[in-house]
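Remarks on the overall topology
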Amino acid sequence: MWSADFSTLTISGGSTCLDQESASIIKAKYNSAENTGLKRKSTSSPLKECKKRRKDSKHSRSLKRYLSFGDTPLESDDNLLSEETYIADGSRPYCLPTVAGQHRDLKSITADTMTELLNGKYNGGINSYRVIDCRYPYEFNGGHIKNAENCYLEEHIDELLLQTLQRGNTTDEIIIFHCEFSSKRGPKLCRYLRSKDRQMHGRNYPQLHFPEIYLLEGGYKSFFQTHKHFCEPIDYVPMLHDEYKEDVRHFRSKTSTLKRNCSHVKKMEHCIVSQKLVFSMC
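Residues numbered from 1 in each chain as written. Predicted model: local features only at pLDDT ≥ 70, side-chain atom pairs only at ≥ 80, totals over all residues. Heavy atoms only, no water.

Remarks on the overall build of the chain
- When helices and strands are counted, the chain shows nine helices and nine strands.
- When burial is assessed residue by residue, the chain has 38% of its 282 residues classed as buried.
- Relative to all contacts within the chain whose residues are 6 or more apart in sequence, the contacts with residues 24 or more apart total 64%.
- If you sum the accessible surface of the chain, you get close to 17100 Å²; carbon and sulfur atoms cover 52% of it. (Helix = DSSP H or I, 4+ residues; strand = E, 2+ residues; numbered from the N terminus. Buried < 20%, exposed > 50% of the residue type's maximum accessible area, 1.4 Å probe, protein only. Contact = heavy atoms within 4.5 Å. Areas by Shrake-Rupley, 256 points an atom, 1.4 Å probe, with all protein chains shown as cover.)

In structure tokens form, the structure reads like this:
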């Protein structure tokens, strides 16, 4: 039997034999076998590797489906239309030029593009559009973009979808959301609209009522600074204006409450179910 350092071989009966050359060869073979054994022990079993690959592949496929068609940034895929080019239902390219805003999952436009839209530059490719101002009423009344609509609650977005559903057809309208800075309230309701729109269409992915929605980068404040002549009245009331401290507390409480009108919610859920039934019969 060899000693720990492979310098001595003990033969049966207690005698030893010293052979440095043989010891070196056997030591090298022993180390090689030992290292190989360690590598095998650290390697996962083929079954575990197969399960891991299947799990990763399944996650990758579901992620690509969820992120596709404008929901959030997506790497190019041969089987999917590029979200950078096509609107959220994949039916046509975006009509307006977009920029990389602070919310990378949303399509953002500049104040200059908003002005061009108001001036009719895109009338040839856009049938109609709606500007959704997500600021509180006292901000909106103090000054807003011409023809904008004040929608600051999720209920207002539900009503927007219900109106479209009651007309019985999808719309080519594009929608531009914004708030004071387009940092919280506008993006929140923009995402809410897309989420509810997806829910209404159920398994009929990627169909949508409003597949083309945008966020005005910089919000009303940025727009007012450079294009105030497109505002009515020509003024800007900040959310935290000293004269509206009570209003701020009131509307913040109203928008953050979890207790929504039960009849309104039930009506919305009924319409979603009805919509799914219509699509399933098609």
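Back to the text.
A short note on the environment of arginine 191
- Secondary-structure assignment places arginine 191 in helix α6 (residues 185–201).
- Distance in space between the C-alpha atoms of arginine 191 and isoleucine 213 is 9.6 Å, their sequence separation being 22 residues.

Section: helix α7 (residues 219–227)
- Those residues of α7 that sit buried are Gly219, Tyr220, Phe223, Phe224 and His227. Around the axis of α7, the buried residues are gathered within 140° of arc, so they sit on the same side.
- On its buried face, α7 is in contact with α3 (111–118), β5 (144–145), β7 (174–178), β8 (213–216) and β9 (231–232). (Arc of directions from axis to C-beta.)

Observations regarding the sheet that holds strand β6 (residues 149–150)
- The strand order across the open sheet formed by five strands is β3-β8-β7-β4-β6, and the pairing between neighbours is parallel. Bordering the open sheet on either side are β3 (108–109) and β6, each of which pairs with just one other strand. (Pairing = 2+ DSSP bridges.)

Points about unusual backbone geometry
- Of note, the amide linkage connecting tyrosine 205 to proline 206 takes the cis form, showing an omega dihedral of 10°.
- Within the fold, proline 206 resides in the loop between α6 and β8.
- For the bond from glutamate 232 to proline 233, the omega torsion is -15°, close enough to zero to count as cis.
- Look at asparagine 147: it is not a glycine, yet its phi comes out positive at around 70°.
- Structurally, asparagine 147 is set in the loop between β5 and β6.
- Of note in this structure, serine 182 is not a glycine but carries a positive phi near 55°.
- Tracing the chain through its elements places serine 182 in the loop between β7 and α6.
- Classification of serine 182 by relative accessible area gives buried; the value is 0%.

Considerations on the pairing of β8
- Judged by which residues are buried, β8 turns out to be covered on both faces: Ile213 and Leu215 on one side and Tyr214 and Leu216 on the other are all buried.
- Since β7 and β8 lie parallel, the crossover through α6 that links them has a hand, and here it is right-handed. (Right-handed = clockwise from strand over helix to strand, strands pointing away.)

Concerning the pairing of strand β4 (residues 129–133)
- Counting buried residues along β4, four of its five residues qualify, which places the element largely inside the surrounding structure.
- Pairing of β4 with β7, which is carried by five bridges, proceeds in the parallel orientation. Pairing of arginine 130 across the sheet is with isoleucine 175, part of β7.
- Relative to β6, β4 runs parallel, the two sharing two bridges. From the neighbouring strand, isoleucine 132 faces β6, where its bridge partner is glutamate 149.

Points about the packing of aromatic side chains
- What the rule picks out here adds up to 10 aromatic pairs.
- Note on tyrosine 136 and tyrosine 138: the rings are 6.3 Å apart at their centroids and 40° apart in plane angle, and the pair reads as tilted.
- Geometrically, the ring pair formed by tyrosine 138 and phenylalanine 251 is tilted, given 6.2 Å between the ring centres and 35° between the ring planes. Placement of the pair is tyrosine 138 in helix α4 (residues 137–142) and phenylalanine 251 in helix α8 (residues 245–256), with a sequence separation of 113 residues.
- Through successive ring pairs, a cluster of aromatic residues spans Tyr136, Tyr138, Tyr152, Tyr244 and Phe251.
- Arginine 135 extends its terminal NZ or CZ atom over the ring of tyrosine 220, reaching a point 4.1 Å from the ring centre.
- Over the ring of tyrosine 136 we find arginine 185; its NZ or CZ atom is 4.6 Å from the centre of that ring. (Phe/Tyr/Trp six-rings, centres within 6.5 Å; stacked < 30°, edge-to-face > 60°. Lys NZ or Arg CZ within 6 Å of the ring centre and 35° of its normal.)

A closer look at the pattern of salt bridges
- The final tally for this structure, using the stated rule, is 10 salt bridges.
- Put simply, arginine 130 and glutamate 149 hold a salt bridge, and the shortest N to O gap is 2.8 Å. Taken as a pair, arginine 130 in strand β4 and glutamate 149 in strand β6 lie far apart in primary sequence, 19 residues in all.
- Linking glutamate 180 and arginine 185 is a salt bridge whose minimum nitrogen-to-oxygen distance equals 4.0 Å.
- Residues joined by salt bridges that share partners form a network here, namely Arg92, Asp172 and Glu212. (Salt bridge = Lys/Arg side-chain N within 4 Å of Asp/Glu carboxyl O.)

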